[in-house]
Amino acid sequence: MSIPPEEARARLEMHRQSIDNIDAALIHMLAERFRHTQSVGELKAKAGLPAADPSREARQIARLRELAANARLDPDFAEKFLAFIIREVIRHHDTIAGRVAPDAPAEGRS
């Protein structure tokens, strides 16, 4: 069954508007998440705690993989996404604690 081009364009626009709204929500949620992880980094620095918490990270990855599977999202993708966020959070925590320069790359640190 074929769809007339004008109907296809209208449907595309509807989907794209929804995608744009979701992208905006993701950005706002990530900003809120990073505000909290910034506070966590400040607390860790004041208490002399390490930037990374491998046991917490492992629990979060397992939790996110389960959430992803339940939501019918690829758990491997969800884990990669969380790993990227965790690396960025640790980089911020290291910077807050004065352990690295603010512009140092996040790769290779745990």
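As shown above, the structure is provided for reference.
Residues numbered from 1 in each chain as written. Predicted model: local features only at pLDDT ≥ 70, side-chain atom pairs only at ≥ 80, totals over all residues. Heavy atoms only, no water.

1. Re the environment of Glu-66
- Structurally, Glu-66 can be placed in helix α2 (residues 54–70).
- Linking Glu-66 and Ala-78, residues 12 residues apart in sequence, is a C-alpha distance of 9.5 Å. (Helix = DSSP H or I, 4+ residues; strand = E, 2+ residues; numbered from the N terminus.)

2. What about the nonpolar core?
- Counting 5 residues, the largest nonpolar core consists of Ala-51, Ala-52, Leu-82, Ile-86 and Ile-90.
- In this view, Leu-82 contacts Arg-33, Gln-60, Ile-61 and Leu-64; residues no more than four positions away in its chain are not counted. (Core = buried A, V, L, I, M, F, W, Y, C linked by side-chain atoms within 4.5 Å. Buried < 20%, exposed > 50% of the residue type's maximum accessible area, 1.4 Å probe, protein only. Contact = heavy atoms within 4.5 Å.)

3. Describing the packing of aromatic side chains
- Inspection of every chain in the model, using the stated rule, returns 1 aromatic pair.
- Aromatic pair Phe-77 and Phe-81: ring centres 6.3 Å apart, planes at 20 degrees, arrangement stacked. With Phe-77 and Phe-81 both in helix α3 (residues 75–96) and 4 residues apart, this pair spans about one turn of that helix.
- Overall, Phe-77 belongs to the partly exposed group, its relative accessible area being 47%. (Phe/Tyr/Trp six-rings, centres within 6.5 Å; stacked < 30°, edge-to-face > 60°.)

4. Describing the packing of helix α1 (residues 5–47) against α3
- Viewed as axis vectors pointing N to C, α1 and α3 meet at an angle of 40 degrees, and their least axial separation amounts to 9 Å. By the angle between their axes, α1 is oblique relative to α3. Note on packing geometry: the crossing formed by α1 with α3 is right-handed. Between α1 and α3, the residues in contact are Leu-30, Arg-33, Phe-34, Thr-37, Gln-38, Val-40, Gly-41, Glu-42, Lys-44 and Ala-45 and Leu-82, Ile-85, Glu-88, Val-89, His-92, His-93 and Ile-96, respectively.
- A per-class count over the contact of α1 with α3 returns 8 nonpolar, 5 polar and 4 charged. (Axes fitted to C-alpha atoms, helices over the stretch in contact; angles between N-to-C directions. Parallel < 35°, antiparallel > 145°, perpendicular 65-115°, else oblique. Left-handed = near helix turned anticlockwise from the far one by under 90°. Nonpolar A, V, L, I, M, F, W, Y, C, P; charged D, E, K, R; others polar.)

5. Overview of unusual backbone geometry
- Backbone geometry at Arg-72 places phi at a positive 60 degrees, although glycine is not the residue there.
- Relative to the assigned elements, Arg-72 resides in the loop between α2 and α3.

6. Description of the layout of surface pockets
- Quantified by volume, the largest pocket comes out at close to 770 Å³.
- Around the largest pocket, the lining is made up of 28 residues, and of these Arg-33, Gln-60, Leu-82, Ile-85 and Ile-86 lie nearest the centre.
- At the level of secondary structure, the elements contributing two or more residues to the lining of the largest pocket comprise α1, α2 and α3.
- Taken together, the residues that form the lining of the largest pocket break down as 19 nonpolar, 3 polar and 6 charged. (1 Å grid on protein atoms, 1.4 Å probe; cavity = no way out; pocket = protein on both sides within 12 Å on 5 of 7 lines; lining within 4 Å. Points joined across faces, edges and corners; volume = space filled by probe spheres on them.)

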